[in-house]
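Chain residues, written in single-letter form:
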Amino acid sequence: GAVVSQHPSWVICKSGTSVKIECRSLDFQATTMFWYRQFPKQSLMLMATSNEGSKATYEQGVEKDKFLINHASLTLSTLTVTSAHPEDSSFYICSARGLQDYGYTFGSGTRLTVV
Amino acid sequence: QKEVEQNSGPLSVPEGAIASLNCTYSDRVSQSFFWYRQYSGKSPELIMSIYSNGDKEDGRFTAQLNKASQYVSLLIRDSQPSDSATYLCAVIKAAGNKLTFGGGTRVLVKP
């Protein structure tokens, strides 16, 4: 089945630094990638949607200059949290959708802790 | 009104019993419905998708969709302790490809 590899699985960074999270579709072409954030005991909140080769579409309230999304190829999308602050600490999850498969394949998630 | 609503639980069921989870959605023209299971600290995993009114069964799981009532449910038969998790209902609106998640229902299966 479709597999999305997400790295790193966890990361601790200092306040003010940037962190990059990668999601790779291993056996299909991810035409659309979704990035979610999940705070403890809350559901997944969509941050942005990106289509390969296009600029990402951000949900209301999500700062596009803070959360940089790149989807330059059909197998790789990255989320960079710039100038991270403790309130950015969260569980970040990507989800990919390909043309052939109607389903949504989730990455394993990245636990970000900003200290 | 939230777009997708679920009772947060916890729903406590004894091992071997049936767990019944409910989900309502606000957009009447929604077309696609999904149930995901999420263990603590893990990403969601798809249990079932349903697109037409009626029941859809897969192993111990049955999804039920009633578009007129804007209601989708999940039954877990012969509940096992390993079914203890948060169950997320997700919906795709007609004109789009974004999954909108409900808040999730936490299920506890007690041995």
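Calculation criteria
- Residues numbered from 1 in each chain as written.
- Chains lettered and ligands numbered in written order.
- Predicted model: local features only at pLDDT ≥ 70, side-chain atom pairs only at ≥ 80, totals over all residues.
- Heavy atoms only, no water.
- Helix = DSSP H or I, 4+ residues; strand = E, 2+ residues; numbered from the N terminus.
- Buried < 20%, exposed > 50% of the residue type's maximum accessible area, 1.4 Å probe, protein only.
- Lys, Arg positive; Asp, Glu negative; His and termini not counted.
- Charge placed at Lys NZ, Arg CZ, Asp CG, Glu CD.
- Phe/Tyr/Trp six-rings, centres within 6.5 Å; stacked < 30°, edge-to-face > 60°.
- Pairing = 2+ DSSP bridges.
- Salt bridge = Lys/Arg side-chain N within 4 Å of Asp/Glu carboxyl O.

Undergrad: I keep staring at the overall build of chain A and nothing clicks. Help me out?
TA: Assigned secondary structure in chain A consists of 0 helices and 11 strands. Overall size of chain A, expressed as C-alpha extent along the three principal axes, is 40 × 25 × 20 Å. Buried residues in chain A amount to 50% of all 115 residues. Charged side chains in chain A number 10 positive and 9 negative. The centres of these two groups are separated by 5 Å.

Undergrad: Which parts of the structure should I look at to understand the packing of aromatic side chains?
TA: Two measures describe an aromatic ring pair: the distance that separates the ring centres and the angle between the ring planes. Residue and element names in this part refer to chain A. Applying the stated criterion to the full structure yields 11 aromatic pairs over all chains. Their ring planes at 45° and their centres at 5.5 Å tell us that Phe34 and Tyr104 sit as a pair that is tilted. Of this pair, Phe34 sits in strand β4 (residues 30–38) while Tyr104 sits in the loop between β9 (90–98) and β10 (105–106), placing them 70 residues apart in sequence. Residues Phe34 and Tyr104 agree in their burial class; the two are buried. Between Phe67 and Tyr92, the ring centres sit 6.4 Å apart and the planes meet at 40°, which makes this aromatic pair tilted.

Undergrad: For this particular structure, what's the right way to read the pairing of strand β3 (residues 19–25) of chain B?
TA: Here is the key point about a regular strand: its side chains alternate between the two faces of the sheet. Residue and element names in this part refer to chain B. In β3, alternate side chains face the same way, and those of Ala19, Leu21, Cys23 and Tyr25 are buried while those of Ser20, Asn22 and Thr24 on the opposite face are not. As paired strands, strand β1 (residues 4–5) and β3 are joined by 2 bridges and run antiparallel to one another. Considered in β3, the bridge of Glu5 is made with Thr24. Looking at chain direction, β3 and strand β8 (residues 71–76) are connected through 6 bridges and run antiparallel. Looking at β8, one finds that Cys23 is bridged to Val72.

Undergrad: Help me understand the pattern of salt bridges, please; the structure alone is not making it clear to me.
TA: Here the idea is simple: oppositely charged side chains can pair when their charged atoms come close. Residues and elements named next belong to chain B. Counting across every chain of the model gives 8 salt bridges over all chains. Of the charged contacts, one joins Arg77 and Glu57 as a salt bridge, the two residues approaching to 3.4 Å between their closest N and O atoms. Taken together, the residues span a long stretch of sequence, with Arg77 in the loop between β8 and β9 (85–92) and Glu57 in strand β6 (residues 54–58) at a distance of 20 residues. The closest approach of N and O atoms between Asp83 and Arg60, which form a salt bridge, is 2.8 Å. Here the residue Asp83 occupies a position in the loop between β8 and β9, and Arg60 occupies one in the loop between β6 and β7 (61–66), the gap between them amounting to 23 residues. We classify Asp83 as buried; its relative accessible area is 2%. Taken together, the shared-partner salt bridges connect Arg37, Glu45, Arg60 and Asp83 into one network.

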